[in-house]
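# Examining the three-dimensional arrangement
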Amino acid sequence: MSSKLTDEQLMIQSMVREFSREVLSQTAAERDRTKEFPAENLQQMAELGLLGMMVPPEYDGAGSDTVGYVLALSEIAYSCASTAVVMSVHNSIVCESILKFGSEHQKQTYLKELAAGKYIGAFALTEPQAGSDPVSQYTTAVQDGDHYIINGTKRFITTGKNAGLVIVTAKTDPELKHKGISAFLVSKDNPGMKAGALEDKMGLRASDTVDLIFDDCRVPAGDRLGSEGDGFKIAMTGLDGGRIGIAAQSVGVAQAALDASVTYAQEREQFNRKISKFQGLRWMFADMATEIEAARQLMLSAAAMKDNGQKHTMQASMAKLFASEMVNRITAKAIQIHGGYGFTKEYPVERFYRDARVFTIYEGTSEIQRVVISNNIFNDKRKP
Ligand code: CAA
C-alpha cells in the first residue's frame, strides 16, 4: 500500500501519527467521560495545518491532496474519533464547499480563517423531519432587501455549539423541490441563530451535537454560498467528499481496535498459552486485518479519483458503506477477543465500539449509500 504513496503523503501520515499517538490519545478516554470539546487539541492541529488541509496556500491552507488528507484523518481517528469527526466536517464539507462554490470575498474572509483554525465550521442540512430525505426540509430563507431571513430548526448538527461558522441550507423557493434550496454562511455571533441542548450520545461524546434554531435570522445576501437554488448540489457535492472522510474515520478506529486486540492477545494467557496462539483467534485476526486493508484501499482509491478530478460519487459511497460496516464488525470482534475486560472501561475497545456505531448512520445511512451506488449503476435516477 505505502509504495503507491508519495513522499509528501507519507510525511503527513507519519507527522499526524506521532501527534495523534503522543498527544491526542492521552485525553481521549477522559473526554469520552466528560464530553469536553477538544478545543485545545484542535488548536494544536491548526498549527500542524490540519484544519485547512486541502485549502491552497493562497487561502492560508496546507495545500495537501485528498489522499494526504484521508491518511491524516485516519490517524486522528485512531486516537480520538470525536476529534476526527470535527476535523472531517470542517475540512471535507465546510472548507471544501467554500473553496468550490464560494465568492472571492467569502474565501478571503471565511475560508482563510477556517483554514488557519481561528474557528471551526459546521454543516446544517438535517432537520427533525428531514434526515435521509433532505429535499423535504422546512427551513426557509426569504429575501428582504439585501438580506435573507432564515427560519427553521436544524437537527444533529456536529460542532453546532462550538462552531464559528455554519453552512445552512434553506428553501428559497418551496415550489422548486431540490432546485429551491440555497446555502448560506451564518456566523456564530448572529443573534438569530441559537444552539439547543447537547445530545447525550452513545459515542463520539466529545463532539457536540445540537439543534440549531433559526429565528428571523438575518443573513447578508453576500453570505449566500453559490447561486440561489444551488444549495442541494452544494450539500451533495460536499457529502461526496465527506463520505470519504467517514471511511477514513472508520479505517482509523478499526486499526486502533485491531492493534489493541493484538497487544491484548499477546499478553493474555489461558490454558497455559498466550491467546494469540489459538488458531480460532488467529483466523479472526487475519480476517480483521484483511477487511481493514480492503476498506483502506477503497478510501484511497475514492480519494485519488477526487484528486484526479474524476466523478467519485459512487466510489465515495462504496468506501463509506464498506468501511463503516467493516468497523462495526471489527470493534465487535475486538470486544470478543478481550472477553469480559472488553466490556469494561479499563480497555479502549468499548469506546471504539460505541464511537463506530454512528458511522453507518451519519453523512448518509448505509441504506442511502446503497441508493446512491445503485442509482449510479443503473444511471436512471431511480428513487428510494
Ligand atoms: N453531486 C452533485 N449533484 C448531485 C449529487 C452529487 N453527488 N447527487 C445528486 N445531485 C443532484 C442531481 O444531479 C439532481 O440535480 P438535477 O435535477 O439538476 O440533475 C439533484 O441533485 C437531485 O438528485 P436526486 O434526484 O438523485 O435526489 P434525491 O432527492 O433522490 O436524493 C439522495 C438523493 C442520495 C437520497 C440524497 O437525498 C442523500 O444523499 N440523502 C442523504 C442525506 C445525508 O447524507 N445526510 C447527512 C447529513 S450531514 C451529516 O451527517 C454531517 C455530520 O454532521 C457528520
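Our subject in this report is the structure included herewith. As the structure is a computational prediction, the values presented were derived from the model and not from experiment. (Residues numbered from 1 in each chain as written. Predicted model: local features only at pLDDT ≥ 70, side-chain atom pairs only at ≥ 80, totals over all residues. Heavy atoms only, no water.)

## Overview of the overall build of the protein
- When its secondary structure is counted, the protein shows 10 helices and 10 strands.
- Dimensions of the protein, computed from C-alpha atoms along their principal axes, come out at roughly 80 × 45 × 40 Å.
- Considering only intrachain contacts with a sequence separation of at least 6, the fraction spanning at least 24 residues in the protein is 73%.
- Accessible surface for the protein amounts to roughly 16,900 Å². Of this, 53% is attributable to carbon and sulfur atoms.
- Charge-centre separation for the protein: the mean point of 43 positive side chains lies 6 Å from the mean point of 47 negative side chains. (Helix = DSSP H or I, 4+ residues; strand = E, 2+ residues; numbered from the N terminus. Contact = heavy atoms within 4.5 Å. Areas by Shrake-Rupley, 256 points an atom, 1.4 Å probe, with all protein chains shown as cover. Lys, Arg positive; Asp, Glu negative; His and termini not counted. Charge placed at Lys NZ, Arg CZ, Asp CG, Glu CD.)

## Concerning the site of the ligand
- Lining the immediate environment of the ligand, one finds 24 residues, of which Ser132, Thr158, His178, Arg243 and Glu363 sit closest.
- In this structure, a nitrogen atom belonging to the ligand sits 2.9 Å away from a main-chain N or O atom of serine 132.
- At 2.9 Å, a side-chain N or O of histidine 178 approaches an oxygen atom of the ligand.
- About the coverage of the ligand: the protein hides 79% of its 1,100 Å² of free accessible area.
- Breaking the shell around the ligand down by element, the ones donating at least two residues are helix 6 (231–267) and helix 10 (366–378).
- Counting residues per element, the shell around the ligand draws most heavily on helix 6, at 6 residues.
- Residue classes in the shell around the ligand are distributed as 10 nonpolar, 8 polar and 6 charged. (Near = heavy atom within 4 Å. Polar contact = N/O pair within 3.5 Å; in protein donor to acceptor, adjacent residues only side chain to side chain. Nonpolar A, V, L, I, M, F, W, Y, C, P; charged D, E, K, R; others polar.)

## Re helix 7 (residues 279–307)
- The first and last C-alpha atoms of helix 7 sit 42 Å apart over 29 residues, in line with the 42 Å expected at 1.5 Å per residue.
- Looking at the residues trailing helix 7, positive phi occurs at glycine 309, about 75 degrees. (Expected span 1.5 Å × (residues − 1).)

## Some details on the packing of aromatic side chains
- Scanning the entire structure with this criterion turns up 6 aromatic pairs.
- When the centroid spacing of 5.5 Å and the interplanar angle of 85 degrees are considered together, the rings of tyrosine 264 and tyrosine 347 count as edge-to-face. Placement of tyrosine 264 in helix 6 and of tyrosine 347 in the loop between helix 8 (313–338) and helix 9 (349–356) is noted, with a sequence separation of 83 residues between them.
- Taking relative accessible area as the criterion, tyrosine 347 reaches 23% and is therefore assigned partly exposed.
- Judged by centre distance (6.0 Å) and plane angle (20 degrees), the ring pair of phenylalanine 359 and tyrosine 362 falls under stacked. As far as the burial class goes, phenylalanine 359 and tyrosine 362 line up, both buried.
- Put simply, the rings of Tyr264, Tyr341 and Tyr347 touch in pairs and so form one group of aromatic residues.
- Geometry around phenylalanine 278 places arginine 273 over its ring, the cationic atom sitting 4.7 Å from the centre.
- For arginine 329, the ring lying beneath its charged end belongs to phenylalanine 322, and the centroid distance is 5.9 Å. (Phe/Tyr/Trp six-rings, centres within 6.5 Å; stacked < 30°, edge-to-face > 60°. Buried < 20%, exposed > 50% of the residue type's maximum accessible area, 1.4 Å probe, protein only. Lys NZ or Arg CZ within 6 Å of the ring centre and 35° of its normal.)

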